Amino acid sequence: MSALGTSSQELSRDPAKDDEGATPDETIVNEAKRRFGRCSAYETETRTLFIEDIKFDAADSDNMYQWDQLTQDARGFGTENERPCLTTNKVRQHNLQIINDAKQNKPSVKIKPVGDGATYDSALVYSAVCEHIEYISNAQQAYDTATGFQVRGGIGWVRVVTDYANDDSFDQEIFIRRVKDPLTIYMDPDIREQDGSDAKFAFVFDDMSRETFNEAHPKYKDKATRSPLGVTDDWVGQDKVRIAEYYRVVEESDKLVAWLDPQTGQRTIKRKSELDKELYKNVIDYDDTKVREIMDRKVEWYLIVGDEIAERSVWPGKYIPLVRIIGEETIIEGKLDRKGHTRAMKDPQRIYNYWNSGSVEQVALQTKIPYLATMSAIEGLENYWETANSINHMVLPWNQFDDQGQRQEKPERIQAPSMASAYIEGLKISSEQIKEVSGQYQAELGMEGNEKSGVAIQQRQRQGDNATYHYIDNLAVGIKFIGKILIDLIPKIYDTPRVIKIIGDEGENEVTIDPNHTEAYSEEKIGDEQVRSIFNPNVGKYDVEAEIGPDNGTQRQESFKALTQIFGNDKDLMKVAGDVFFRTADFKGAEIISKRLKNLVPPEALGEGPSPGEQQAQQKIQELSKELQSMQDLLRKQSEALTTEKSRVLVHQEQKDIDSYKAITERLKILLPLVTSPADQARMAHDMMMAEHNSELGMTEAAHSSVLGILQAQAMPQPDAGQDGDSQPQQAVA
C-alpha cells in the first residue's frame, strides 16, 4: 500500500502547449497527466492519513504502529535503557464490531419496476440475475474488503468488469471485483454525488511482474522502465511494472424528439441519432413535436504504459465502473477531510498504551525483597532465609537474642509492590474515552455492563448501532450504484439468448434471457409440468435499492426455526404448506420431501384453483344443480304415476269399448233381420252407433270409427248375388 504522488510541475502544465503539434494519443496522455496531477494534489494529505489509520488499526506488539518514532526514541526503545512501549489494541475490536456486523448482514442489489412494460415478476427475475452476477463474481468478498477499508481508513473501492463467460464461448459476462489496495484508484475530485456516478475521469494503477507484462505487451517492454503519467514511488522494484488504466467520459450532443404518430395516435420519443433523416424531416414539422438538447455519455478506456497507450476500448456502459464506499467525507475550507472509525480513537488509544506502559514500569521498578531483618537475627539460619522463596518451610526461625543477650526485632515482611492509583484511574478513563468517541459500549462489545434488563441491554446496543450506522448506510449507497451499473450493462452485455440459473423463493430455476422477446417476462408451458421462464432486460424501466440483511444461509436457518414453531402449533398447516417448511431445511433429502409434498397440496392453496368469487359461484351452481335434480326426480315420479293412471284409465276405457261393441252387436243380431234393405240396415247400425257414442256409456272415438268403417263396408253392394245375404252382416259384425 502506497500513496502515489506526482511532481509539482504536473500542476503547472499548460494544456495548449502540451497539445500543440501532438498526436491524438499524445493529447490523451497529456490530458491524463494533467488530470492525475489534480487528483494527487487534492488527495495527498488524506492518503497519508489513510495509511496512518490503517497502520494504527493493525498495530501489535511487533510492528509498534501505535507508537510514533519520536515517542519510541524518547523512551529509548531498542536501547539498553529502554522503557516499556506496550500495545493493547482496543481500536481493532471496535472496528471489527462494525465490519463483522456488515458481514453478517450481507448487502445485495434489489430491482423494482418503474414502468414501460416492467412488471413485478420481471423485477424479481432482474434481481435474481443481479444475484447470479454477484454469485459468479464472489461479490461478497469485494463488499467485505471495501467495508474493511471504509471503517479502518475511510474509503474502500469495488469495481465492475466484463469478460468472456468461458473459454468456449464469445458470450460476455459481468463480474464484480474487489480492490485490494484503495490507494491505487484516483477519481475526479469535482464529483458531486457521493457514489461518484457523475465522475468524468478516473485512474486505476496496477503493479504486475515484469515477466507477465512482457508476455502480454511485448511491444512495450522497453517502455515499462518508467512509471506512467510521471507517478513516482520508491517501492516499485526492478521486478515490477506499473501500468495505469485511464477512464474518461466523452459527452456527445444529441436531440430528444417527441411527436404524435398520426397512424397510431400515440406519442413516440426517440433520439435524433436513432431516426432516419427523412423521418426526422417529416416529424420536425409537426405542430405538436417537441425537441430538446441532451448529452450522451460515452466512457473510453485506455491502458497507459510509460507515456504511450498500449490498449484502448469503449466501455459498454455510461458510468465509470468504479464504486466508492465512503466512511466519513467532509470538505473543510476547500480541503478534503476523509476518515474512518479509527481516527477518533487514536488519542484515547495512545493514552491507554501510555498508562499501561507506565504502570508496568512503575511496578517493575519497586523492590523485590520480601523481608527486612538484621544480620544477627538470621545469623546461622541463612539456609532457611535464602530458600524461603523457593521452599515451603514449616517455620522460619530467627535469633530472638543477640550475643549480648539483648532482645532483637523479628524480621518483617515488606508490603508487596502495588500500582499507583493514578495509573489505575488513567487506564479506566482512557478506556472509557475510547468507548465514548466510538459510541460503542459494553453491551455493543458483548461485555457485561450495568444494564440488567433485556430492554436496557437492547437500548444500549441500539445506541451503539446508531453511532456507527452511517458506515452501513454508506455501504448501501455504494451497493445501489453497483445496481445502477448492472441495470445499464445487462441489456448491452446479454445481447444474445442464453440460459442462466437463478435462485428464488421456489428454489433454483433456469431463466432464458431473450433480448428479442416482446414482453419483459413471461412463462411458457413445456409439456404437462415444466414451465419455461423468458426474460427480456430491454423491456421496461427499473430502479435500484440496496438490501442489507442476513445472507441466504442465515435467512434459511431463521426461516426454518420460525416455521418449526409455527407448524408445531398448527398441525393442519402441514397439509397446505408442508413443501415450504421442508424447502427451508438444509438436511439431506429435504428438497425431495418438499417436491413430493407440493404434489399433495390442494390447487387452491397454490393459487392455481378458482378464486374465492369463483368458488362461491361454483358452490351456488352445485346447490342449484341439486335442486334441479330433485325437481327432475319429482317430475319423473309424477310422470310415472300419471302414466300408470293413464294406463289404468285406458284399460278401463278399452274394456268399456269392448262392452259397448258387444252390446251393439247383440242388438244388431236381433234387429237387422227385421229390416230387408241393406241401406236401411246400414242406417240403423249407424244410428245405434252414434247414439251409443253420445251416451254416458261412451265409446272411444277410435273404436267408433272402427265399427263405423265395418258397417259402411257391409252396406256396399256384394259382387256375388248367389250368396246368402243374411249371413254377411253377421259375419262382418262377428
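It should be emphasised that the depicted structure is a prediction, and the values quoted were computed from it without experimental measurement.

Visitor: Would you explain the overall build of the chain in this entry?
Guide: For the chain, the helix and strand inventory stands at 20 helices and 19 strands. For the chain, the proportion of its 734 residues judged to be buried stands at 37%. Here the analysis covers contacts within the chain between residues at least 6 apart in sequence; of these, 66% occur between residues at least 24 apart. Looking at the chain as shown, the accessible area adds up to about 44,600 Å², and 49% of this sits on carbon and sulfur atoms.

Visitor: Can you help me understand the confidence of the model for the chain in this one?
Guide: Keep in mind that low pLDDT regions are not for reading the predicted coordinates in detail. Of all residues in the chain, 81% have pLDDT values of 70 or greater, and the mean over the chain is 81. This model gives residues 696-700 a pLDDT under 50, and the stretch forms 21 contacts once residues within four places in sequence are excluded. Within the model, the stretch residues 718-734 combines pLDDT values under 50 with 12 contacts to residues more than four positions away or in other chains.

Visitor: Got a minute to help me understand the packing of aromatic side chains in this structure?
Guide: The geometry of an aromatic ring pair comes down to the distance between the two centres and the angle between the two planes. Within this structure, the stated rule accounts for 16 aromatic pairs. Consider the rings of Phe36 and Tyr186, whose centres lie 4.9 Å apart with planes at 70°: the pair is edge-to-face. With Phe36 in helix 2 (residues 24-57) and Tyr186 in strand 4 (residues 185-187), the pair connects residues that are 150 residues apart, well separated along the chain. With relative accessibility at 0%, the residue Phe36 sits in the buried group. Residue Tyr186 is classed as buried on the basis of its relative accessible area, which comes to 0%.

Visitor: Explanation requested: the pattern of salt bridges in the structure shown.
Guide: Pairing between side chains becomes possible if they bear opposite charge and their charged atoms approach one another. Applying the stated criterion across every chain, the model contains 31 salt bridges. Glu43 serves as the salt-bridge partner of Arg338, at 3.4 Å between the closest nitrogen and oxygen. Taken together, the residues Arg338 in strand 12 (residues 335-339) and Glu43 in helix 2 connect sequence positions 295 residues apart. Of the residues examined, Glu43 reaches a relative accessible area of 7% and is grouped as buried.

Visitor: What's the story with the nonpolar core in this structure? I'm lost.
Guide: One recurring pattern in soluble globular proteins is that nonpolar side chains are buried together. Ranked by size, the top nonpolar core spans 74 residues in total, and within it Val158, Leu322, Ile482, Ile490, Phe535 and Tyr542 carry the most contacts. Broken down by element, this core gets its largest block of residues, 11 residues, from helix 13 (residues 454-493). What Ile490 contacts, discounting residues up to four positions off in sequence, is Tyr126, Val129, Cys130, Ile133, Ile174 and Pro537. The next biggest cluster of nonpolar side chains, apart from the first, holds 14 residues, and it includes Val29, Phe205, Tyr246 and Tyr302.

Visitor: Help me understand the sheet that holds strand 10 (residues 322-326), please; the structure alone is not making it clear to me.
Guide: Sheet strands line up and pair through hydrogen bonds in the backbone, either parallel or antiparallel. Taken in spatial order, the 3 strands of this open sheet run 3-2-10, and their pairing is antiparallel. Either end of the sheet is taken by a strand with one partner, and the two such strands are strand 3 (172-178) and strand 10. Going from strand to strand, the sheet's axes swing by 20° on average, the running direction of each strand aside. Alignment of strand 2 (residues 155-164) against strand 10, held across 5 bridges, turns out to be antiparallel. Paired with Trp157 across the bridge in strand 10 is Arg324. Helix-sheet contacts for helix 6 (residues 139-153) involve strand 2, strand 3 and strand 10, and the interaxial angle to strand 2 is about 160°.

Cut-offs used in this document
Residues numbered from 1 in each chain as written. Predicted model: local features only at pLDDT ≥ 70, side-chain atom pairs only at ≥ 80, totals over all residues. Heavy atoms only, no water. Helix = DSSP H or I, 4+ residues; strand = E, 2+ residues; numbered from the N terminus. Buried < 20%, exposed > 50% of the residue type's maximum accessible area, 1.4 Å probe, protein only. Contact = heavy atoms within 4.5 Å. Areas by Shrake-Rupley, 256 points an atom, 1.4 Å probe, with all protein chains shown as cover. pLDDT = per-residue confidence, 0-100. Phe/Tyr/Trp six-rings, centres within 6.5 Å; stacked < 30°, edge-to-face > 60°. Salt bridge = Lys/Arg side-chain N within 4 Å of Asp/Glu carboxyl O. Core = buried A, V, L, I, M, F, W, Y, C linked by side-chain atoms within 4.5 Å. Pairing = 2+ DSSP bridges. Axes fitted to C-alpha atoms, helices over the stretch in contact; angles between N-to-C directions.

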